[in-house]
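Tertiary structure, described
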Amino acid sequence: MALLLRAEWVVPISGEPIRDGAVLTEGTDIVAVGPFEAIKKQASGDELLDLGRAIIMPGLVNAHSHVVYTVFRGLEDNMTLFGWLGACILGPSELLSKDDFLWSARLGCLEALRAGITCLADAAPLGRAVARAMSELGLRGIVFKEVFQGEGDVDSVLQAALREVRDIAREGHGLVRAGISPHAPYSNPPAFLKATLELAREEGLPISLHLAETKEELELFLERKGELATIADVLGLKVPRAVGKTPTEYLAKLGALGSDVLLAHCVHLLDQDIKLIADSGSAVAHCPKSNAKLGSGIARIPEMVSAGIKVGLGTDSAA
Ligand SMILES: [Zn+2]
């Protein structure tokens, strides 16, 4: 069934904006784009939907999201990252069932669509729920299964992750591709990070990591001091000891940078970090609203773009 869409502006991205433009569709395919008067000649008799004062353009891409946490929005709006993670994500997560998280993911996907977003790069411990919500609502993208070693042994944690990766692909119904995310350089031991990267590359899975989101992460890696070092010591987390390197240098040494890697945040980068990321071909998901809300800082986007790094925009969690 053919449908002719008309709007005051059509912005095709690959060409100049078109005033009084039209898009002719046939089923799920776009068959013609151009000025309304020209396109309507190809479409005689087809159904016309005139949107009036509107812009028709390709869907937006959200380069870093966590839609399962959408319902946690508003729990606390005056905390920095690590306090907020405990009070607004980890604590409340204990109260929700898998089904609750699925509904939260559906809400996140609906909000994305309302904002014109049609493609997500989402990271979630419950990747299967996100893939299901995305495919139900017609969103496409990548769901990165988030993995933490915790108290488990490397092999059993990664085998469970691989099973969920297969579930993500199945639930995604061709719209969603599975990836893997070992969360951040500070939240998993180096041996686990290395094993996760090896598995991802064996399986051809894209990788995502949070990197250099806070100055505390930089302090932990350079000198093992500051709030994150204290939290790691108090909780007895098996995280890297002071390595005398920035988090980016540490990841580079582990082989965790590359053109198959999407890095979220990258707020606290030194000059050498920007060079390492640029040389590796890793892409960066810039999340300005999240960085502002949590007081994390301002990313050096002009320098990253000048260095040739591909930078996309992300919301981070909508909570
Ligand atoms: Zn994130």
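Cut-offs used in this document
- In this numbering scheme, every chain counts its residues from 1 along its sequence in written order.
- With pLDDT at 70 or above as the cut-off, local features in this predicted model cover only qualifying residues; side-chain atom pairs require 80 or more to be listed or tallied, and sums for whole chains, interfaces and linings still use all residues.
- Side-chain descriptors were evaluated using all non-hydrogen atoms of the structure, hydrogens and water having been removed beforehand.
- Counting from the N terminus, the helices are the DSSP runs of H or I reaching at least four residues and the strands are the DSSP runs of E reaching at least two.
- Only protein chains enter the area calculation, which uses a 1.4 Å probe; residues under 20% of their type maximum are buried, those over 50% are exposed, and those in between are partly exposed.
- For the domains described, the bounds stem from an automatic or database domain assignment.
- Pairs were defined over the aromatic rings of Phe, Tyr and Trp, the Trp ring being its six-membered one, requiring ring centres within 6.5 Å. Orientation was assigned from the angle between planes: stacked under 30 degrees, edge-to-face over 60, tilted for the rest.
- Salt bridge, as used here: a side-chain nitrogen of Lys or Arg that lies within 4 Å of a carboxyl oxygen of Asp or Glu.
- Using protein atoms alone on a 1 Å grid, points that fit a 1.4 Å probe yet trap it form a cavity, whereas open point sets bounded by protein on both sides within 12 Å along at least five of seven lines form a pocket; residues with an atom within 4 Å of a point count as lining.
- Grid points are joined across faces, edges and corners, and a volume is the space filled by probe spheres set on the points.
- Pairs of N or O atoms are called polar contacts if they sit within 3.5 Å, as long as, within protein, a hydrogen donor faces a hydrogen acceptor (for residues adjacent in sequence, only side-chain-to-side-chain pairs).
- We call two residues contacting when some pair of their heavy atoms lies within 4.5 Å.

**Considering unusual backbone geometry**
Here isoleucine 13, not a glycine, exhibits a phi torsion of approximately 70 degrees, which is positive. Mapped onto the elements, isoleucine 13 comes out in the loop between strand E1 (2-10) and strand E2 (18-26). With a phi angle near 50 degrees, aspartate 20 is a residue other than glycine that sits in the positive phi range. Inspection of the secondary structure assignment puts aspartate 20 in strand E2. Of the residues examined, aspartate 20 reaches a relative accessible area of 29% and is grouped as partly exposed.

**Regarding the domain arrangement of the protein chain**
When cut into domains, the protein chain gives domain 1 (2-56) and domain 2 (60-313). In this structure, domain 1 and domain 2 have C-alpha centres spaced 38 Å apart.

**A few points about the packing of aromatic side chains**
Applying the stated rule across the entire model yields five aromatic pairs. With centroids separated by 6.0 Å and ring planes inclined at 20 degrees, the aromatic side chains of tyrosine 69 and phenylalanine 72 adopt a geometry described as stacked. For phenylalanine 72, a relative accessible area of 4% translates into the label buried. Ring centres of tyrosine 69 and phenylalanine 101 lie 6.4 Å apart, and the angle between their planes is 80 degrees; on these two criteria the pair is classed as edge-to-face. Of this pair, tyrosine 69 sits in the loop between strand E6 (60-65) and helix H2 (81-93) while phenylalanine 101 sits in helix H3 (residues 98-114), and the two are 32 residues apart along the sequence.

**Focus: the pattern of salt bridges**
In the structure shown here, the tally under the stated rule is 19 salt bridges. With a closest N to O distance of 2.7 Å, aspartate 271 and arginine 300 form a salt bridge. Of the two residues, aspartate 271 sits in helix H10 (residues 271-280) while arginine 300 sits in the loop between helix H11 (288-293) and helix H12 (301-306), which places them 29 residues apart along the sequence. A relative accessible area of 24% places arginine 300 in the partly exposed class.

**Remarks on the layout of surface pockets**
A probe matching the size of a water molecule, rolled over the atoms, marks out where space remains unfilled. The space that makes up the largest pocket amounts to roughly 1100 Å³. Taken together, 39 residues make up the lining of the largest pocket; nearest its centre are Leu85, Leu90, Phe148, His183 and Ser187. Sorting the residues of the lining of the largest pocket by element identifies H2 and helix H8 (227-235) as the ones contributing at least two each. Each pocket or cavity is described by its volume, and for the second largest pocket that value is around 660 Å³.

**Side note on the side chain of threonine 214**
The residue threonine 214 is located in the loop between strand E10 (207-211) and helix H7 (215-223) in this model. Here glutamate 217 takes part through its backbone nitrogen, which lies 3.2 Å from a polar atom of the side chain of threonine 214. When neighbours within four sequence positions are excluded, threonine 214 is seen to be in contact with Leu81, Phe82, His268 and Ser296.

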